[in-house]
Amino acid sequence: MLLKEKTIVVTGGNSGIGEAIVLAAAAEGANVVIDYVAHPEETASLIERIESAGGHAVGIQADVSKSDDLHAMVQKAVDTFGRLDVLVNNAGIETRHSLLETGEEEFEKVMAVNMKSAFFGSQAAAKQFIAQGDGGLILNISSVHEDWPMPGNIAYCVSKGGMRMLTRTAGVELGGHGIRMVNIAPGAVSTPINASTEADPEKMKALNASIPLGRMAEADEIADVVVFLASGKAAYMTSTTVVVDGGIMQGSVGL
Ligand code: BGC
């Protein structure tokens, strides 16, 4: 088991990529803290699944856009499992509006859930890691759109671009404490965030045609990369991004 004895906190852990990370980490022996904002029943059923397979998990309802809630989340890991080893800043939303369409409140919400959460979550985790004295790992589930425009989804792109620079800068700041920080940039993944695309056969055809591997990723394929990065087999990686996109960013129609 690659994550035995490690305690991992996953924000937005009861759906989509977060849920896949929770299950993959638990299967590798990690103690898992599942952060969520809605659908406590989903969290309860995940915990039941994990515990019936002999694993350990606990839930916490915490709003990642609030710094106090992020501290409570880290504290939950320490109170329940004695320490924190890995924070996965996974929670995210998108609104699919252009610059001309995006309202102020909408912009602030996207930034708060996607980027401010990663900023203050990382701060809370880093303080805990420093108190423990033996390093730690922060993983951000970013997106190919940390670097690559998605016209019509601009607030999301801006938030992910911020996450990109957060990782590069904080990774440098925290390296001396043995704390590593890495972004994972998925391409298109079959999760609730892409429900409207998946419901539209024309959009799916165009999307699949633009992906060199010809299909969306399954959430498990992102979770596997999280396990690798958290496993101790990636000990020299920090302040950078691992792209997991089926080649979508490099796709060319060749015309
Ligand atoms: C976005 C999706 C988009 C995908 C590929 C993801 O980060 O959430 O809406 O389909 O990137 O462009």
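Our structure's up above, just so we're on the same page.
Heads up: these notes are all about the structure in this document.

In a regular helix each residue adds 1.5 Å, so 13 residues correspond to 18 Å; helix H2 (residues 40–52) covers 18 Å between its end C-alpha atoms and thus fits that length. Those residues of H2 not exposed but buried are Thr 43, Leu 46, Ile 47 and Ile 50. Axial view of H2: buried residues confined to an arc of 100°, hence all on one face. Within H2, the exposed residues directed more than 90 degrees away from the buried face are Glu 48, Arg 49 and Ser 52. In this fold, the buried residues of H2 make contact with helix H1 (16–27), strand E2 (31–36) and strand E3 (56–61). Gly 54 lies just past H2 and shows a positive phi near 90°.

Let's shift gears to the site of the ligand. Around the ligand, the surrounding shell consists of Glu 94, Arg 96, Ser 143, His 145, Met 150, Tyr 156, Gly 187, Ala 188, Ile 193 and Asn 194. In this structure, an oxygen atom belonging to the ligand sits 2.7 Å away from a side-chain N or O atom of Arg 96. Considered on its own, the ligand offers 310 Å² of accessible surface; in the complex 93% of this is hidden by protein. In the shell around the ligand, the residues fall into four nonpolar, four polar and two charged.

Let us look at the environment of Ser 159. Inspection of the secondary structure assignment puts Ser 159 in helix H5 (residues 154–174). Residue classification places Ser 159 among the buried positions, given a relative accessible area of 0%. Ser 159 sits 46 residues away from Val 113 along the chain, and the two C-alpha atoms are 9.0 Å apart. Beyond its immediate stretch of four places on either side in the chain, Ser 159 contacts Val 110, Met 111, Asn 114 and Met 115. Here the side chain of Ser 159 touches Tyr 156 through a polar contact of 2.7 Å, landing on its backbone oxygen.

Direction vectors running N to C along H1 and helix H8 (residues 219–230) enclose 50°, while the axes themselves pass 8 Å from each other. Classified by the interaxial angle, the pair formed by H1 and H8 is oblique. Handedness of the crossing formed by H1 with H8: right-handed. Contact residues: Gly 16, Ile 17, Ala 20, Ile 21, Ala 24 and Ala 25 in H1; Ala 219, Asp 220, Ile 222, Ala 223, Val 226 and Val 227 in H8. Grouping the amino acids of the contact of H1 with H8 by side-chain chemistry returns 10 nonpolar, one polar and one charged.

Judged by nonpolar contacts, the single largest core of 37 residues is most densely connected at Ile 8, Ile 21, Val 32, Val 88, Leu 139, Ile 184 and Leu 229. Here the element with the most residues in this core is H8; it accounts for eight residues. With residues near it in sequence (within four places) discarded, Leu 139 still touches Val 86, Leu 87, Val 88, Asn 89, Val 182, Val 226 and Leu 229. Val 58, Leu 70, Ile 138 and Met 181 belong to the second largest nonpolar core, which has 26 residues in total.

Even without glycine at this site, Glu 5 takes up a positive phi of about 75°. Here Glu 5 shows up in the segment before strand E1 (7–10). Accessibility expressed as a relative area gives 62% for Glu 5, which makes it exposed. Within the chain, Arg 96 stands out as a residue other than glycine whose phi angle is a positive 55°. Here Arg 96 lies in the loop between strand E4 (86–89) and helix H4 (104–132).

Rules and cut-offs
- Residues numbered from 1 in each chain as written.
- Predicted model: local features only at pLDDT ≥ 70, side-chain atom pairs only at ≥ 80, totals over all residues.
- Heavy atoms only, no water.
- Helix = DSSP H or I, 4+ residues; strand = E, 2+ residues; numbered from the N terminus.
- Expected span 1.5 Å × (residues − 1).
- Buried < 20%, exposed > 50% of the residue type's maximum accessible area, 1.4 Å probe, protein only.
- Arc of directions from axis to C-beta.
- Contact = heavy atoms within 4.5 Å.
- Near = heavy atom within 4 Å.
- Polar contact = N/O pair within 3.5 Å; in protein donor to acceptor, adjacent residues only side chain to side chain.
- Areas by Shrake-Rupley, 256 points an atom, 1.4 Å probe, with all protein chains shown as cover.
- Nonpolar A, V, L, I, M, F, W, Y, C, P; charged D, E, K, R; others polar.
- Axes fitted to C-alpha atoms, helices over the stretch in contact; angles between N-to-C directions.
- Parallel < 35°, antiparallel > 145°, perpendicular 65-115°, else oblique.
- Left-handed = near helix turned anticlockwise from the far one by under 90°.
- Core = buried A, V, L, I, M, F, W, Y, C linked by side-chain atoms within 4.5 Å.

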